[in-house]
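Chain residues, written in single-letter form:
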Amino acid sequence: MASVAFCIALLLVYSIFLQVQSDRNHYPFSGVLFVHVLKREYFKGEFPPYSMKLADAKNDPITFKTNLKGYPDRPGWLRYIQRTPYSDGVLYGSPTNENADKPTIIEITAYNRRTYETARHSLILNIMALNDYSLPYQAEFFVKNMNVEEMLASEVIGDFLGAVKNVWQPTHLNAINITSALDRGGRVPLPINNMKEGVYVMVGTDLMFSSCLREVETPQNQQKCSQEMEPSISCDKKFRAQFDIDWCKLSLVDKTKNPSVAHNEVRGDGILPDDGEYKPPSTNLKSKDYYTDFVITLAVPVAVAMVLFVILGYIMFCRREGVQKRNMQTPDIQLVHHSSIQKSTKELRNMSKNREAAWPLSTLPVFNPVTGEIMPPLHHSDNCDTSNMPLMQTQQNHPLQTQLPQQQGADKWQT
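### Structural notes on the pattern of salt bridges
Then comes step 1: Within the structure shown, the criterion is met by 11 salt bridges.
Then comes step 2: Residues glutamate 197 and arginine 83 are paired through a salt bridge, measuring 2.8 Å at the closest nitrogen-oxygen approach. Of the two residues, glutamate 197 sits in the loop between strand E9 (173-180) and strand E10 (199-205) while arginine 83 sits in the loop between strand E4 (78-81) and strand E5 (89-93), which places them 114 residues apart along the sequence.
Then comes step 3: On the basis of relative accessibility, which here comes to 40%, the residue arginine 83 falls in the partly exposed class.
Then comes step 4: In this structure, lysine 196 and glutamate 150 form a salt bridge, with 2.9 Å as the shortest nitrogen-oxygen distance.

This is the structure we're talking about:
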């Protein structure tokens, strides 16, 4: 009769849908999976308006924050998951014997993301040790088609334990722990084809492993696993209807061959010695002189800048040839030509300023191109209207036009 009551108590621990009542005390067992649901419906009544009908109509997003009382985070064995602000949160994990025989107070803070209201409750976990109830044979399955919150549902974990029981046929079978594949270094699946993250489920019993589970250790299946092929397991059909098991990742642990020895803590670099309270160093420390560092920090860039400035100044000012040197290296005919161009340019600029100035000397004839005699410049009277004067005058009308010798008759040139 006592054993029946004990089994009923263990089954109650597996239940995922524990109702959040006024009694906040729970009694999980060490080494056995513990699951607690944070229901949004319960916390809706904690926020205004204080009516469940109005709260259901609003459907406010609610998130939760959980931590050990007096600490910023949860205990190491306790995990928490909530997919969206519109889904329930779940606390789950497997407590250890180190946490037994002492109350563990978990503070639960609910946040209403619409009104920014908060509500806080406490969850008291009285962990009970199972010294006389050991599960030496443990098997860890990897379920590929499940997420952790789906696997934590009471009906799902019940179906999984039922399938394992049909394969193993143990006397006592308990779920020890459930871990998401993401916590083991798995990758986030692509949001296509309803892909799942995957879940590691560890179960334990007091009966030796069945022959079906031992098939994974055969050389043929090990070779297939090394080639990333699916091994041939005779009992896979008992899981295939609901659970897709990756048999290559099946882990079998026999604690009877490797009994757990009390672990003595070895102090090393990772553990601080127990020297009492921390004593910070004294404030009477010697002040460090930063003058040398300051001078070096400024002097080096300034020196480099000065050197570059001197080099640039030498290139720009000391390497110039000058006008005198340039003229000495230039041929005389090129200098005369350049000088005449400058004079003509200067005359044109002066003429543009004064339209009534005398004609430039460059436009006057200096000598007769035929006879070679010097000719006086042309003088135009001031009252002479040159607007109607033709551009080219005839030889008879031009008084200074040179008379070229007439060509003799054609008869004189003929013989």
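### Let's talk about the nonpolar core
Then comes step 1: Phe141, Met151, Phe160, Val203, Phe239 and Trp247 are the most contacted members of the largest nonpolar core, which has 39 residues in total.
Then comes step 2: Listing elements by their share of this core, those giving two or more residues are E5, strand E8 (137-143), helix H4 (148-151), helix H5 (154-168), E9, E10 and helix H6 (211-214).
Then comes step 3: Sorting elements by how many residues they give to this core places H5 first, with eight residues.
Then comes step 4: Once you skip the residues sitting within four places of it in the chain, valine 203 turns out to touch Tyr137, Gln138, Ala139, Phe141, Phe160, Leu161, Val164, Trp168, Leu173, Asn174, Ala175 and Ile176.
Then comes step 5: Residues Phe47, Phe64, Ala100 and Ile108 belong to the second largest nonpolar core, which totals 17 residues.

Definitions and limits used
- Residues numbered from 1 in each chain as written.
- Predicted model: local features only at pLDDT ≥ 70, side-chain atom pairs only at ≥ 80, totals over all residues.
- Heavy atoms only, no water.
- Salt bridge = Lys/Arg side-chain N within 4 Å of Asp/Glu carboxyl O.
- Helix = DSSP H or I, 4+ residues; strand = E, 2+ residues; numbered from the N terminus.
- Buried < 20%, exposed > 50% of the residue type's maximum accessible area, 1.4 Å probe, protein only.
- Core = buried A, V, L, I, M, F, W, Y, C linked by side-chain atoms within 4.5 Å.
- Contact = heavy atoms within 4.5 Å.

In short, the description is geometric, and any link to function would need to be established separately.
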